[in-house]
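Residues per chain, in single letters:
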Amino acid sequence: MAQPLVKKDDDRDDEAEYSPFLGIEKGAVLQEARVFNDPQLDPRRCSQVITKLLYLLNQGETFTKIEATEVFFAVTKLFQSRDIGLRRMVYLMIKELSPSADEVIIVTSSLMKDMTSKTDMYRANAIRVLCRITDGTLLTQIERYLKQAIVDKNPVVASAALVSGIHLLQTTPEIVKRWSNEVQEAVQSRAALVQFHALALLHQIRQNDRLAVSKLVTSLTRGTVRSPLAQCLLIRYTTQVIREAATTQTGDRPFYDFLESCLRHKAEMVIFEAARAITELNGVTNRELTPAITVLQLFLSSSKPVLRFAAVRTLNKVAMTHPMAVTNCNIDMESLISDQNRSIATLAITTLLKTGNESSVDRLMKQITNFMSDIADEFKIVVVEAIRSLCLKFPLKYRSLMNFLSNILREEGGFEYKKAIVDSIVILIRDIPDAKENGLLHLCEFIEDCEFTYLSTQILHFLGTEGPKTSDPSKYIRYIYNRVHLENATVRAAAVSTLAKFGAMVDALKPRVFVLLRRCLYDGDDEVRDRATLYLNTVGSDGEVIETDKDVKDFLFGSLDIPLANIETSLKNYEPAEQPFDINSVPKEVKTQPLAEKKAPGKMPAGLGAPPSGPPSTVDAYEKLLSSIPEFSDFGKLFKSAAPVELTEAETEYAVNVVKHIFDKHVVFQYNCTNTIPEQLLENVTVIVDASEAEEFAELASKPLRSLPYDSPGQTFVAFEKPEGVPAVGKFSNMLRFIVKEVDPTTGDVEDDGVEDEYQLEDLEVVAADYVMKVGVSNFRNAWESIGPDFERVDEYGLGPRESLAEAVSAVISLLGMQPCEGTEVVANNSRSHTCLLSGVFIGNVKVLVRLQFGIDGPKEVAMKLAVRSEDDNVSDMIHEIVASG
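Residues numbered from 1 in each chain as written. Predicted model: local features only at pLDDT ≥ 70, side-chain atom pairs only at ≥ 80, totals over all residues. Heavy atoms only, no water.

Novice: Let's hear about unusual backbone geometry: which residues, and what values?
Specialist: Not every positive phi belongs to a glycine, and Asn684 is a case in point at roughly 50°. Relative to the helices and strands, Asn684 resides in strand 5 (residues 680-693). Here Asn845, not a glycine, exhibits a phi torsion of approximately 60°, which is positive. Relative to the helices and strands, Asn845 resides in the loop between strand 15 (833-842) and strand 16 (846-856). Under the relative-accessibility criterion, Asn845 is labelled exposed at 56%. (Helix = DSSP H or I, 4+ residues; strand = E, 2+ residues; numbered from the N terminus. Buried < 20%, exposed > 50% of the residue type's maximum accessible area, 1.4 Å probe, protein only.)

The structure is reproduced here in structure tokens:
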């Protein structure tokens, strides 16, 4: 009886799509698979069961070895069916099951028979399956058939063989490389896909031979490629050759004429690929860009959304490096602001913001206002960042741009979106002095309705830093005190701290702040009451300051030069005693994750060589270790212990890494050693250090390791003397020397006689960054101002060509070895300028702060302005010397 037609429920959620596989279970499908054994096969039903099995496999369902074997043997019986559709399903099933070597033999004869069949569909699929499931041994037997298939007249068969070759190149390259002549012939095929696959395979065969790739590109750029897909590949290979061409080459760029000719191709994909390739050339000139920009401009008015999107996205990237080259497209991009595709509209907006001039800002803002409500938060963030960059570019337009940011800040949106707006306003306040009061008021209005605790506390903290410096600080008090009554405990506590900062910094506000803080003593939260009590005892009443003004400002505004993680660890370890907790005992060094000792499990240098991962700081553990060794006990206070540096490759016979301990007049190398050979015992283990390339260092003492059993870490030390307080640098060669004694693994007995042996280790360098300790500051601006300009040194440097601004920032941070502050080590994607703030302590406990300003000057050329402030003019000069010589 026929089933009644079920009418789809009109009220059903449109997003809920019906799945024909809903509710299927592996056990039930395996039962259905018995139909493969029926004497009279039903091709339709067998195909349905295979479809379900494939669905289960692709959903991550695992079959046991027995289940997979049973299904595999059952599927092989379906070769007797002559139904073409079922045969194709059988091929798919065999590929997905990935049978073992002994099972492959069962189907090999059937597949080889199909490979020589007169039915082209059988041949193509049999080739794909055979190449997927066979190993190199069987591949040599069918290699002759595969070569013939590559030049087969049927494009389906030829493509199947070529694609199989691309996959086989990863596992058996020596076999595939013998097919070069056949693949070369297939490149001349008139079939589009065959030519595409042949070119891809031929390039992979030759990719490690730059000269061969160059010859391939040279021969094909003469117009023998007909397939648009293959032409796109050729364009990519051509740009690769251009990129690898010698930088000393003068005159016109090689192959540029070919790329330009592709802009006149009849296929849109080729035109776009060529245009994109030209825009991404290193050091591309405006003359070279012009034809590519012209065709992209035509795509902006295309009826196809994909072409409009591709064009505007490419122009968006070009605008970051060549904004003037894109200005001719502005009129076309303005029409895309109302595009139904919001991705296209967003890219158009951000591109216009990068290429627009000062006179067009107001017009753009009107268009963006109507646009913002229709896009998702991720696109809004992109727009906000573009507006921030525009405001910094045209500071006189800060009022209209700040008002726009303020308006969208009050609209609906998620945390990341609101945070991006707040961060933008904060940056504009810091970089554009005239925007300070207007921006602070906008932030105050926002926290009235802010639902994010983190943003509220960050705004209050920033308000306490900047608010007292404005012409009328009193107007912010009402907003701050409202947070004490209307917010959760975390925000209330932050508001109390901000009130206290106003009272300490603005004399006229002290009586008013005192009254407000007294009211906070009755708050229901301990943290709020404790802060109010603390600040009342600091600020005093009726304008009376209990501590000196300097003491109050240092307490409230002074930068915390101790990492919070270190304070937390020290407080957890503190045991109540007669002696109060001494904050000066907290290590100032920023603890990094020790590299110790990245070896296989059970083969790590541990013990004293690997500082305990528990609460005691890394510096404390090392200091106790070194002070317990008589040879090093009179070296004084340990300044810094660097992160371990690996001196051996992973999984070698001996695992060795070294820790550099820096003292004022000495450097100690601690070599952490592990013996990874069970049949050996090492005795009298030492490291012979050659300091011929470190002229300022003189070896002073060494401490050998008596015995190094299997998998039992130990340490040997070498100490050097250096000039006091001088950041001496040098390169050291290392040779591990020891006596090897054989060990019986069954009894553990050790032979009496041993053999002296050596093991070459990697070289070690002492660099300038080793003399700088990473110490963060909680408020960089206040710390910068507190040091003052007396010992400030400023200079500009060219960093040469770099892949990106982020790479340049990372390189300088690594060179100086200082602590990035306020997240400034992160560089926005495609940014053309960036400011990075660093802090640290130079050897001799001299505080030093660095402000780095990066900018892209020309194609990929990075320029840097370095400003250093420290408590010693010699240290400021040394930081510049490190950069100049690095």
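Novice: Can you tell me about the pattern of salt bridges, naming the residues and giving the values?
Specialist: Using the criterion set out here, one finds 31 salt bridges in the structure. A salt bridge links Glu466 to Lys436; its shortest N-O distance comes to 3.1 Å. Note that Glu466 is positioned in helix 26 (residues 453-466) and Lys436 in helix 25 (residues 436-447), a separation of 30 residues in sequence. In this structure, Glu466 and Lys436 share a single accessibility class: buried. Where Asp523 meets Arg492, a salt bridge forms, and the shortest distance between an N and an O atom there is 2.9 Å. With Asp523 in the loop between helix 29 (510-519) and helix 30 (526-539) and Arg492 in helix 28 (residues 489-505), this residue pair connects regions lying 31 residues apart in the sequence. Grouping residues by exposure puts Asp523 and Arg492 together as buried. (Salt bridge = Lys/Arg side-chain N within 4 Å of Asp/Glu carboxyl O.)

Novice: Hey, could you go over the packing of aromatic side chains for me, with residue numbers and the actual values?
Specialist: Given two aromatic rings, their pairing is described by the distance between the two centres and the angle made by the two planes. Per the stated rule, a full pass over the model turns up 16 aromatic pairs. Between Phe415 and Phe452 the ring centres are 5.5 Å apart and the planes differ by 70°, which places this aromatic pair in the edge-to-face class. In this pair, Phe415 is assigned in helix 24 (residues 415-431) and Phe452 in the loop between helix 25 and helix 26, connecting sequence segments 37 residues apart. According to the relative accessible area criterion, Phe415 is partly exposed, its value standing at 28%. For the ring pair Phe669 and Phe732, a centre distance of 5.0 Å and an interplane angle of 80° mean the geometry is edge-to-face. (Phe/Tyr/Trp six-rings, centres within 6.5 Å; stacked < 30°, edge-to-face > 60°.)

Novice: Quick one: what's the story with a nonpolar patch on the surface, residue by residue and with numbers?
Specialist: A surface patch of nonpolar side chains, amounting to about 250 Å² of accessible area, comprises Leu193, Leu229 and Met269. Within the element layout of this structure, Leu229 appears in helix 13 (residues 228-244). (Patch = residues over 30% accessible without salt bridge, like charges linked within 9 Å, V, L, I, M, F, W, Y side chains within 5 Å. Areas by Shrake-Rupley, 256 points an atom, 1.4 Å probe, with all protein chains shown as cover.)

Novice: Describe the packing of helix 10 (residues 180-187) against helix 11 (residues 192-206), naming the residues involved and giving the relevant values.
Specialist: Helix-helix packing is described using two parameters, namely the angle between the two axes and the distance between the axes. Close contact between helix 10 and helix 11 brings their axes to 8 Å; oriented N to C, the two are set at 140°. Judged on the interaxial angle alone, helix 11 and helix 10 are oblique. Note that helix 10 runs across helix 11; the crossing there is left-handed. Judged by residue contacts, Ser180, Val183, Gln184, Ala186 and Val187 of helix 10 engage Val194, Gln195, Ala198, Leu199, Leu201, Leu202, Ile205 and Arg206 from helix 11. For the contact of helix 10 with helix 11, the residue count by class is nine nonpolar, three polar and one charged. (Axes fitted to C-alpha atoms, helices over the stretch in contact; angles between N-to-C directions. Parallel < 35°, antiparallel > 145°, perpendicular 65-115°, else oblique. Left-handed = near helix turned anticlockwise from the far one by under 90°. Contact = heavy atoms within 4.5 Å. Nonpolar A, V, L, I, M, F, W, Y, C, P; charged D, E, K, R; others polar.)

Novice: Could you give me a rundown of the side chain of Lys722, with the residues and numbers involved?
Specialist: For Lys722, the location among the structural elements is in the loop between strand 8 (714-721) and strand 9 (730-742). As a buried residue without a salt bridge, Lys722 has its nearest oppositely charged side chain in Asp664, at a separation of 5.5 Å. Here Asp664 takes part through its backbone oxygen, which lies 3.0 Å from a polar atom of the side chain of Lys722. Leaving out residues up to four positions away in the same chain, Lys722 has contacts with Phe663, Asp664, Lys665, His666, Val667, Glu696, Phe697, Ala728, Tyr771 and Ile843. (Lys, Arg positive; Asp, Glu negative; His and termini not counted. Polar contact = N/O pair within 3.5 Å; in protein donor to acceptor, adjacent residues only side chain to side chain.)

Novice: Quick rundown of the environment of Ile688? Include the residues and the values.
Specialist: Mapped onto the secondary structure, Ile688 falls in strand 5. Separated by 44 residues in the primary sequence, Ile688 and Phe732 place their C-alpha atoms 9.9 Å from one another. When neighbours within four sequence positions are excluded, Ile688 is seen to be in contact with Ser733, Asn734, Met735 and Arg737.

Novice: Describe helix 23 (residues 398-409), and please don't skip the residues or the numbers.
Specialist: The terminal C-alpha atoms of helix 23, which comprises twelve residues, lie 16 Å apart, in line with the 16 Å expected from a rise of 1.5 Å per residue. For helix 23, the full list of buried residues reads Tyr398, Leu401, Met402, Phe404, Leu405, Ser406, Ile408 and Leu409. Buried residues along helix 23 sit against helix 21 (361-371), helix 22 (377-393), helix 24 and helix 25. (Expected span 1.5 Å × (residues − 1).)

Keep in mind these numbers describe shape, not what the thing actually does.
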